[in-house]
Amino acid sequence: MITEIAPAEDERVAPEPARARRGRRRAWDEAPRWQIYLPLSVYLLFTLIPFYWILLFALRPAGSTSLVPWPVTFEHFHKVWSERSFGTYFTNSVYVGVATLVLTTVVALAGGYALARFDFRLKRAFMLALLCSQFVPGALLLVPLFQIFAKLQMINSLGSVILAETVFQLPLSMILISGFIRNVPYSLEEAAWVDGCNRFTAFRIVVLPLLRPGLIAVGSFAFVHAWNHFLFALMFLSDQSKQTIPVGLNTLMSSDSVDLGALAAGGIIAAVPVVIVFAFIQKWLITGFSAGAVKG
């Protein structure tokens, strides 16, 4: 019988240094650093230059041609906020965005739960119709929606824009919420029923906390879309005191001239809430696709 002889204590091979192992692994498994940093640098260059250009026009004095915003002035921000009614546009946009967020989230939550937990006739056809509705451009909905709101006497009302934005966001939101709910084990609800909870209480106590990342993602996308959408506000709102920020930015451009400083300042005002929203929800977007996951 052949037996393996262990090497003597002083003959054993010393373990390879960790730095050498990392170097060999990087040589075989990882690309050189310049192949990573060079494309990222080019991408950042093309991305950050427009932002710097907007800041340059917004912060430098009118008539200046300097490539550095010095001396810094906030006259363009004061002009668009006070003289061009951007304070009113901002308030209207916040109202439309928040209302759309709430309505879309609540209705999509109820519809998504029905799609995820119940079987009914034509369910597949209904899901297919929801999916196909995303291929319809919003411009095709303007005429029928305008006629409906005219009969309901909702033209020139922020409610018409809120309802239109909610209807436009609901199909995709329902599909996403139903996917999040399917990730929650049905046995958790059954255990709550055994403990004496009804369906609504079990959903509120067990399922709803696990849907937080999905709800935040869906609600944030609804808010951002309502904040940036131009067509519905342009078509359904005629009173200047009820316009939103995208339409307000359009008023800064005319056929004769464009106030670049005021336009850049208005663009920054319009972008700040969206940047804040995405800065707040980025961790929820990353973990959103694993919502409802449990150990076991």
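Calculation rules
- Residues numbered from 1 in each chain as written.
- Predicted model: local features only at pLDDT ≥ 70, side-chain atom pairs only at ≥ 80, totals over all residues.
- Heavy atoms only, no water.
- pLDDT = per-residue confidence, 0-100.
- Helix = DSSP H or I, 4+ residues; strand = E, 2+ residues; numbered from the N terminus.
- Contact = heavy atoms within 4.5 Å.
- 1 Å grid on protein atoms, 1.4 Å probe; cavity = no way out; pocket = protein on both sides within 12 Å on 5 of 7 lines; lining within 4 Å.
- Points joined across faces, edges and corners; volume = space filled by probe spheres on them.
- Nonpolar A, V, L, I, M, F, W, Y, C, P; charged D, E, K, R; others polar.
- Expected span 1.5 Å × (residues − 1).
- Polar contact = N/O pair within 3.5 Å; in protein donor to acceptor, adjacent residues only side chain to side chain.

## Regarding the confidence of the model for the chain
Item 1. Model confidence for the chain is summarised by a mean pLDDT of 79, while 85% of its residues fall at 70 or above.
Item 2. Model confidence for the chain, summarised as mean pLDDT per element, is weakest for helix α1 (residues 18–29) at 52 and strongest for helix α4 (residues 86–117) at 90.
Item 3. This model gives residues 289–296 a pLDDT under 50, and the stretch forms 13 contacts once residues within four places in sequence are excluded.

## Focus: empty space enclosed by the protein
Item 1. Across all of its chains, the model carries one cavity of 30 Å³ or more by this definition.
Item 2. In this structure, the largest cavity spans a volume of roughly 40 Å³.
Item 3. Of all the secondary structure elements, the ones that give two or more residues to the lining of the largest cavity are α4, α7 (158–182) and α10 (212–228).
Item 4. Tallied by class, the residues present in the lining of the largest cavity amount to five nonpolar, three polar and one charged.

## Describing helix α9 (residues 199–210)
Item 1. Helix length check: α9, at 12 residues, gives a terminal C-alpha distance of 16 Å against a target of 16 Å (1.5 Å per residue), a fit within 8%.
Item 2. The inward-facing, buried residues of α9 contact α4 and α8 (186–194).
Item 3. N-capping of α9 is provided by Asn198, with a side-chain oxygen placed 3.4 Å from the backbone N of Phe200.

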